[in-house]
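What the coordinates show
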Amino acid sequence: MVVCERPEGISEPVWSPDGTRIAFVSRERAARWATGDDDRAREPRRIDRLFSRLDGEGWIIDRPSTVFVVDAGGGDPVAVAGGPYEHSSPAWSPDGRTLAVVADREPDWDLDETARIYLVDAAGGDAAGGDAAGGDAAGGREPRLLTRSGRHHTHPSWAPDGTRLATLASDDHLASPAHASPALVDVATGREDVLATGIDRTWRPFPGARAPIWDDGHLLVSCEDRGGVHLYRVAADGPGAGTAEALLTGARAVAAYDRAGGSTVVLVTDHDHLGELHVTDGGSLRRLTALTEPFHDAVPRGRTPYRLAVPSPAGDGDIDTWVLLPDEPATGAGGRLPVLLSIHGGPMTQYADAWFDEFRLWAGAGYAVVWCNPHGSTGYTQDRVRAIRSPLAETAPGTGWGGIDADDVLAALDGALAEFDQLDRERVGVLGGSYGGYLLTSVTCLSASPRADGARRGGPVCRRGRRAGRSAGCR
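Residues numbered from 1 in each chain as written. Predicted model: local features only at pLDDT ≥ 70, side-chain atom pairs only at ≥ 80, totals over all residues. Heavy atoms only, no water.

What follows concerns the overall build of the protein chain. Across its full length, the protein chain carries seven helices and 29 strands. For the protein chain, the residues scored as buried account for 49% of the 475 residues in total. For the protein chain, long-range pairs separated by at least 24 residues make up 54% of all intrachain contacts whose partners lie at least 6 apart in sequence. Accessible surface computed for the protein chain: about 21800 Å², of which carbon and sulfur atoms make up 51%. (Helix = DSSP H or I, 4+ residues; strand = E, 2+ residues; numbered from the N terminus. Buried < 20%, exposed > 50% of the residue type's maximum accessible area, 1.4 Å probe, protein only. Contact = heavy atoms within 4.5 Å. Areas by Shrake-Rupley, 256 points an atom, 1.4 Å probe, with all protein chains shown as cover.)

Bringing the sheet that holds strand β14 (residues 192–194) into the picture now. Within the open sheet, the four strands sit side by side as β11-β12-β13-β14. Their pairing is antiparallel. Strand pairing shows two members of the sheet lacking a second neighbour, β11 (152–158) and β14, which therefore form its edges. For this sheet the average axis-to-axis angle between neighbouring strands, irrespective of direction, equals 30 degrees. As judged from the five bridges shared by β11 and strand β12 (residues 164–170), these two strands associate in the antiparallel manner. (Pairing = 2+ DSSP bridges. Axes fitted to C-alpha atoms, helices over the stretch in contact; angles between N-to-C directions.)

Across the protein chain, pLDDT averages 89, with 89% of residues at or above 70. Low pLDDT, under 50, characterises residues 126–140; the stretch is placed with 37 contacts to residues that sit more than four places away or in other chains. In the predicted structure, residues 463–475 sits below a pLDDT of 50 and forms 36 contacts with residues beyond four places in sequence or in another chain. (pLDDT = per-residue confidence, 0-100.)

A rise of 1.5 Å per residue sets the reference length of helix α5 (residues 404–419), with its 16 residues, at 22 Å; its end C-alpha atoms lie 22 Å apart and thus fit the reference within 8%. For α5, the buried fraction is high: twelve of the 16 residues fall into the buried class. Those residues of α5 lying buried are Ile404, Asp405, Ala406, Asp408, Val409, Leu410, Ala411, Ala412, Leu413, Gly415, Ala416 and Leu417. (Expected span 1.5 Å × (residues − 1).)

What follows concerns the pattern of salt bridges. Under the counting rule described, the total for this entry stands at 31 salt bridges. One salt bridge in this structure joins Glu86 and Arg27, with 3.0 Å as the shortest N-O distance. With a gap of 59 residues between them, Glu86 in the loop between β6 (78–81) and β7 (88–92) and Arg27 in strand β2 (residues 21–27) connect regions that are remote in the sequence. Like Glu86, the residue Arg27 is buried in the burial classification. Here the salt bridges do not stand alone but share partners, grouping Glu8, Arg27, Arg29, Glu57, Arg63 and Glu86 into one network. (Salt bridge = Lys/Arg side-chain N within 4 Å of Asp/Glu carboxyl O.)

Turning to empty space enclosed by the protein, a few remarks are in order. This structure, assessed with the given rule, holds two cavities of 30 Å³ or more. Taken as a whole, the largest cavity encloses approximately 50 Å³ of empty space. Lining the largest cavity are His271, Pro305, Leu324, Ala354, Trp355, Phe356, Phe359, Arg360 and Trp371. Its residues assigned to classes, the lining of the largest cavity comprises seven nonpolar, one polar and one charged. (1 Å grid on protein atoms, 1.4 Å probe; cavity = no way out; pocket = protein on both sides within 12 Å on 5 of 7 lines; lining within 4 Å. Points joined across faces, edges and corners; volume = space filled by probe spheres on them. Nonpolar A, V, L, I, M, F, W, Y, C, P; charged D, E, K, R; others polar.)

Moving on, we get to the layout of surface pockets. What the second largest pocket holds in volume is close to 660 Å³. Contributing to the lining of the second largest pocket are 29 residues, with His344, Thr349, Gln350, Tyr351 and Phe356 lying nearest its centre. Within the residue set of the lining of the second largest pocket, elements represented by two or more residues are β19 (253–260), β25 (337–343), α3 (357–364) and β27 (423–432). Each residue belonging to the lining of the second largest pocket can be placed in one class, and the counts come to 16 nonpolar, eleven polar and two charged.

Looking now at the pairing of β19. Two strands pair when backbone bridges link them, and β19 and strand β20 (residues 263–270) are joined in this way by seven bridges, in the antiparallel orientation. Residue pairing across strands places Ala253 opposite Thr269, the latter belonging to β20. Taking the residues that link successive antiparallel strands as the turn, the β19-β20 hairpin has two residues, and the phi of Gly261 there is positive, at about 60 degrees.

Okay, the nonpolar core next. The tendency in soluble globular proteins is for nonpolar side chains to be buried side by side. Grouped together as the largest cluster of nonpolar side chains are 32 residues, with contacts concentrated most on Val323, Leu325, Val409, Leu423 and Leu439. Elements supplying a minimum of two residues to this core: β23 (306–311), β24 (318–324), β25, β26 (368–373), α5, β27 and α6 (435–446). Examining the composition of this core, we find that nine residues originate from one element, α5, more than from any other. Those residues in contact with Val323 that sit more than four places away from it in its chain are Pro305, Tyr306, Leu308, Val369, Val370, Ala416 and Phe420. Leu168, Trp214, Leu231 and Val268 belong to the second-largest nonpolar core, a separate cluster that totals 22 residues. (Core = buried A, V, L, I, M, F, W, Y, C linked by side-chain atoms within 4.5 Å.)

Pairing between the strands of a sheet is mediated by backbone hydrogen bonds and can be parallel or antiparallel. Taken together, the five strands give an open sheet; going across it, the order is β23-β24-β26-β25-β27, and neighbouring strands pair in mixed fashion. The sheet is open, and its two edges are formed by β23 and β27, each paired on a single side. Each strand axis lies, on average, 25 degrees off the axis of its neighbour in the sheet, ignoring direction. Sheet topology note: the β25/β26 ladder contains four bridges and is parallel. Within β26, the residue paired with Val339 across the bridge is Ala368. The strands touched by α3 are β24, β25, β26 and β27; relative to β26, the strand with the most contacts, the crossing angle is about 150 degrees. Each of β23, β24, β25, β26 and β27 touches α5; the most contacted strand, β23, lies at about 125 degrees to it.

With omega at -10 degrees, the peptide bond leading from Phe206 into Pro207 counts as cis. The topology assignment puts Pro207 in the loop between β14 and β15 (213–215). Residue Pro347 is reached from Gly346 by a cis peptide bond, and omega for that bond is 0 degrees. Checked against the element boundaries, Pro347 lands in the loop between β25 and α3. Here the phi dihedral of Glu12 falls at roughly 50 degrees; this positive angle occurs in a residue that is not glycine. Mapped onto the secondary structure, Glu12 falls in strand β1 (residues 10–15). Residue classification places Glu12 among the partly exposed residues on the basis of a relative accessible area of 32%. A positive phi angle, close to 50 degrees, is found at Arg226, a residue other than glycine. You can see Arg226 is positioned in the loop between β16 (218–225) and β17 (228–235).

With respect to burial, β2 is a largely interior element, seven of its seven residues being buried. Of the two faces of β2, the one carrying Arg21, Ala23, Val25 and Arg27 and the one carrying Ile22, Phe24 and Ser26 are both buried. The pairing of β1 with β2 spans four bridges and is antiparallel. Residue pairing in the sheet places Ser11 in a bridge with Val25 of β2.

Encoded structure:
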């Protein structure tokens, strides 16, 4: 059964509480798109803001991301939140009358880049006939701005009684990047209460972030910690409101989770296993699926990566570093192994305790693979994440890109070379994408350290890209 069709892709479908309607997100094309398939023959686009294109989407200025509602039995979808703004993450109120959506509809929204929560009428009001390029698809009934603190809010989730929303909120308006924390927003007043402030980690893991799950006065939320992605239960009510209880930790990554019928199901991966579904109870895991076993049986698992704690040159703690050795010993070159040093993108992300196909492929080809989470990575404190902000920043200045982060990467490489005699320091390759490509250039071309000599001889190939007027890095 086809519920509805759109000329653009459909994403984020969400059932209404009574199961009669579906909210979803799709791009709404402006009138110029109706004049044929040849874009060169259409009316010219009017570009009146900076945020006009997006990687993987192309032009978005005349096809903004819009929230629609459609009857589950089929029919024409109704636009309830649109216009020139980008909307996402629709969440139904328990009574089915209101949708919470993530957007920024304020003046200079494309320069501000703050995600806010708005409340919209799920019936659509006067929703018909909005102008995708300029007008609001919700007609004369404007969505109501709920979050006014300036915080960056994502992933809304309604409380069962409909009086509050749980979100993931961060203080990017004070200094970016900023750690996200679970937060509660009062629907009537807009009051915001940030929870779990005693854990200085980001609660918006990438990838894998999802809306908090309400469970008997608590929230199920995940956070990053030194390579792990762990599951917590955070109290939303009572004397212990804001405190967090660890449900599942260790050298693993919780890639997804849900709770129903008194059971919590998690999708868990680690360095040796692709993700599988498990039920978790009291920190233990009971495996439900074995869908990846045929792959693991057909492809040698290889060794478990070694984890090293390498002191950072900054003197503020260790750099989490991993080394994956090939199964077979090196042949030729004095029995030493060529080395590939991989740098993650972001920079505000982390290499997680998860199975990584590229590293396994390289090790299978005979390389020793080294990777780490330098300053600027998540999984550490907020101060450490902000350590590579511009040295000219008025708030929380840092070394800038190519400063302590580059020093950390070289220190991690040094640590791996010192720990494993079979690694060949004369044959080192460095790889990185996006920000990792930028740092690759800093390490191999700009560093005067002899530690980069083995990689410098080959020289990097750089490709500079743009996304919405900002650099997407080089590779």
